[in-house]
Amino acid sequence: MKNKLVTIFVLSLLIFPVSLTAHEIRPAYLQIIEIADHQYEIFWKVPSMGDAVPRIQPVFPKSFSIEILKNPNQIPGSVIYYYGLSGNESIRGHELYIQGLNKTLIDVLVNIKYLNGETATFMLQADKDSQLIPGETSSLDVIKTYTVLGVEHILLGIDHLLFVLALILITKGRWKIVKTITAFTIAHSITLSLAALGYVNFPGAPVEAVIALSIVFLAVELINNLNGRQTLTSKKPWIVAFSFGLLHGFGFAGALADIGLPQQDIPLALAFFNVGVEIGQLLFVLVILVCLKLLSLYKKWPSYVAKIPAYAIGSIAAFWMIERVVAFWKIP
């Protein structure tokens, strides 16, 4: 009995014992647009979970006056606030502070557009909740900010990770794994780019539901494979990886739309958000391969253990699918 409990515990670590929610902790977004000398419009978007809204808000220097321009607008997954900010001097060089940020796991992406066309982009986090507002930032700042956002998105996007995990478990052989992960990467990079640049567009809710369905499909295929039935997925997993990868790219694009892209550096920000996603994905794949190698060193696993990950992945994904379909058809 002890060995069985240890087995289940180890495998539960492998499939990430996290909350059943598949959505990562999305960043907040603060946009500051200078509309006249020393006058600014503030767009402040805070991620929400249902009716729960984090108590975070931007705090500007006392020498500036702030007013509410509109009532808050609650949309699925976010609450948007609109402010006006004015002072006797530029906000450059003044401190921006996000009150309450140090008590959360939320990042804040800040994008500033000055009257002269200069832009600034930077990120605030729980351990760095304030910063002096810069003038125009360099391309390197955009690269660093969006690479970090890409890494965080994939590592906190549990549904995408479970899909990759299922792909790895159903794929036998290192070369097959390389081809499969490469196919998934190419596919979601294509649709991420096309959607982010506005060439194609799909509603987010149906896409999220079908992403969950894709994970259920892989879990079923994995069970079939463990029962000795060879399918196209187990023989040529890169074909399935590419096909569903196109769908997952729309999911990434939806997250990027929530974050926002700096208008002056859209291609650069898009490219390095994708680079960040690939870095995070590669780290995840390497960790899983190391775990599988270590688990393979123990030769006395009970026969039923091999099916635990497949049933766990399928059960979680089925829950997400039902939850998303219900939310999609729910009448306000």
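Residues numbered from 1 in each chain as written. Predicted model: local features only at pLDDT ≥ 70, side-chain atom pairs only at ≥ 80, totals over all residues. Heavy atoms only, no water.

**Q** Give a description of unusual backbone geometry that names residues and reports values.
**A** For H38, which is not glycine, the phi torsion reads 65° and is therefore positive. Checked against the element boundaries, H38 lands in the loop between β1 (28–36) and β2 (39–47). (Helix = DSSP H or I, 4+ residues; strand = E, 2+ residues; numbered from the N terminus.)

**Q** Describe in detail the environment of F43, supporting the description with residues and values.
**A** Structurally, the position occupied by F43 is in strand β2. For the pair F43 and Q57, spaced 14 residues apart in sequence, the C-alpha to C-alpha distance is 11 Å. Look past the residues within four positions of F43 in its chain and what remains in contact with it is Y29, L30, Q31, I80, Y81 and Y82. (Contact = heavy atoms within 4.5 Å.)

**Q** Describe the nonpolar core, and please don't skip the residues or the numbers.
**A** Counting residues in each nonpolar core, the largest one holds 54 residues, and the members touching the most others are Y146, L162, F273 and I313. Of all the secondary structure elements, the ones that give two or more residues to this core are α2 (139–156), α3 (158–170), α4 (174–196), α5 (204–226), α7 (237–259), α8 (266–296) and α9 (308–329). Looking at this core element by element, the count peaks at eleven residues for α3. Beyond its immediate chain neighbours, meaning those up to four positions away, Y146 contacts L109, T121, L256, I259, G260, L261, P262, A269, F272 and F273. (Core = buried A, V, L, I, M, F, W, Y, C linked by side-chain atoms within 4.5 Å. Buried < 20%, exposed > 50% of the residue type's maximum accessible area, 1.4 Å probe, protein only.)

**Q** If you had to explain the packing of α3 against α5 to someone new, which residues and values would you point to?
**A** Helix packing geometry: the angle between the two helix axes and the distance between the axes. Their axes nearest at 10 Å, the elements α3 and α5 cross at an angle of 20°. One way to sum up the angle between α3 and α5 is to call them roughly parallel. As for how α3 packs across α5, the hand of that crossing is left-handed. In this structure, α3 contributes D159, H160, L162, F163, A166, L167, L169 and I170 to the contact, and α5 contributes E208, I211, S214, I215, L218, E221, L222 and N225. Here the contact of α3 with α5 is composed, by residue class, of ten nonpolar, three polar and three charged. (Axes fitted to C-alpha atoms, helices over the stretch in contact; angles between N-to-C directions. Parallel < 35°, antiparallel > 145°, perpendicular 65-115°, else oblique. Left-handed = near helix turned anticlockwise from the far one by under 90°. Nonpolar A, V, L, I, M, F, W, Y, C, P; charged D, E, K, R; others polar.)

**Q** Run through the pattern of salt bridges, naming residues and quoting values.
**A** Any two side chains of opposite charge can pair, on the condition that their charged atoms come close. Tallied over the entire structure, the rule returns three salt bridges. Its salt-bridge partner being R92, residue E118 comes within 2.9 Å of it at the nearest N-O pair. Of this pair, E118 sits in the loop between β7 (108–113) and β8 (119–124) while R92 sits in the loop between β5 (78–86) and β6 (95–99), and the two are 26 residues apart along the sequence. One salt bridge connects E208 with R324, and the closest N-O pair in it is separated by 3.4 Å. In this pair, E208 is assigned in helix α5 and R324 in helix α9, connecting sequence segments 116 residues apart. The pair E208 / R324 is uniform in exposure class, with both members buried. A cluster of three or more residues bridged by salt bridges with shared partners is formed by D159, E208 and R324. (Salt bridge = Lys/Arg side-chain N within 4 Å of Asp/Glu carboxyl O.)

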